[in-house]
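Structural features, examined
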Amino acid sequence: MKKISILGTEYTIIIADAEQKPELKSCDGYMDYSIKEIVVGKFEADETSIKNLDDYTNKVTRHEIIHAFLYESGLWNNSGNIEAWAQSEEITDWIAIQFPKMLKAFEQEKCI
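An account of the accompanying structure is given in this report. It should be emphasised that the depicted structure is a prediction, and the values quoted were computed from it without experimental measurement.

This paragraph deals with the pairing of strand E2 (residues 9-16). The pairing of strand E1 (residues 2-6) with E2 spans 5 bridges and is classified as antiparallel. Each bridged residue has a counterpart across the sheet, and for Lys2 the counterpart in E2 is Ile13. Pairing geometry for E2 and strand E4 (residues 37-41), over 5 bridges, is parallel. Looking across to E4, one finds that Ala16 is bridged to Gly41.

Below is the structure:
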């Protein structure tokens with residue numbers, strides 16, 4: 001169990017399996033803003049899984065952290081009449097997937 005600050009609010013990050021967190025039976029991870037918790041599945045390799053499960057765990061963790069940032073920034077509830085874009089899986093995934101590349105570019109340019 002880890003702690004992370006999301007815009008000044010402390011969240012707990014938990015890596016768990018579906019026995020520990022039944023919500024994981026229907027998803028790979030989730031963010032519960034009501035108790036400030038980010039839960040990511042504990043993935044086990046099998047014949048149908050991708051090979052790099054550590055990388056996938058990191059991707060899911062980034063995705064759920066982005067959800068927490070969108071919630072804590074006020075965008076989660078105030079995303080207007082556009083189908084709650086700040087709760088969108090698409091925009092959350094885009095940020096989570098692209099952020100490492102963006103960070104690398106910002107560090108390379110020394111603009112962060």
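Turning our eyes to something else, we now look at helix H1 (residues 53-72). Taking 1.5 Å as the rise per residue, H1 with 20 residues should run 28 Å; its terminal C-alpha atoms sit 28 Å apart, in good agreement. Its buried side turned inward, H1 meets E1, E2, strand E3 (29-32), E4 and helix H2 (89-109).

Turning our attention to the nonpolar core. Membership of the largest hydrophobic core is limited to 11 residues, which are Ile6, Tyr11, Ile13, Met31, Ile38, Val40, Val60, Ile65, Ala68, Tyr71 and Trp76. For this core, the secondary-structure elements that each account for two or more residues are E2, E4 and H1. Among the elements that make up this core, the one with the highest residue count is H1 (4 residues). In this structure Tyr71 touches Tyr11, Met31, Tyr33, Lys36, Trp76 and Asn77, once residues within four positions along its chain are discounted. If you look at the next biggest cluster of nonpolar residues, it comprises 5 residues, including Ile14, Leu24, Tyr30 and Val39.

Attention now goes to the packing of aromatic side chains. On inspection of all chains with the given rule, the structure shows 2 aromatic pairs. Ring geometry for Tyr33 and Tyr71: centres 4.3 Å apart, planes at 15 degrees, overall stacked. Taken as a pair, Tyr33 in the loop between E3 and E4 and Tyr71 in helix H1 lie far apart in primary sequence, 38 residues in all. Look at Phe43 and Tyr56: their rings are 5.2 Å apart centre to centre, the planes differ by 65 degrees, and that puts the pair in the edge-to-face class. With Phe43 in the loop between E4 and H1 and Tyr56 in helix H1, this residue pair connects regions lying 13 residues apart in the sequence. Given a relative accessible area of 22%, Phe43 falls into the partly exposed group.

Definitions and limits used
- Residues numbered from 1 in each chain as written.
- Predicted model: local features only at pLDDT ≥ 70, side-chain atom pairs only at ≥ 80, totals over all residues.
- Heavy atoms only, no water.
- Pairing = 2+ DSSP bridges.
- Helix = DSSP H or I, 4+ residues; strand = E, 2+ residues; numbered from the N terminus.
- Expected span 1.5 Å × (residues − 1).
- Contact = heavy atoms within 4.5 Å.
- Core = buried A, V, L, I, M, F, W, Y, C linked by side-chain atoms within 4.5 Å.
- Buried < 20%, exposed > 50% of the residue type's maximum accessible area, 1.4 Å probe, protein only.
- Phe/Tyr/Trp six-rings, centres within 6.5 Å; stacked < 30°, edge-to-face > 60°.

So, to be careful, I would describe these as geometric facts and stop short of saying anything about function.
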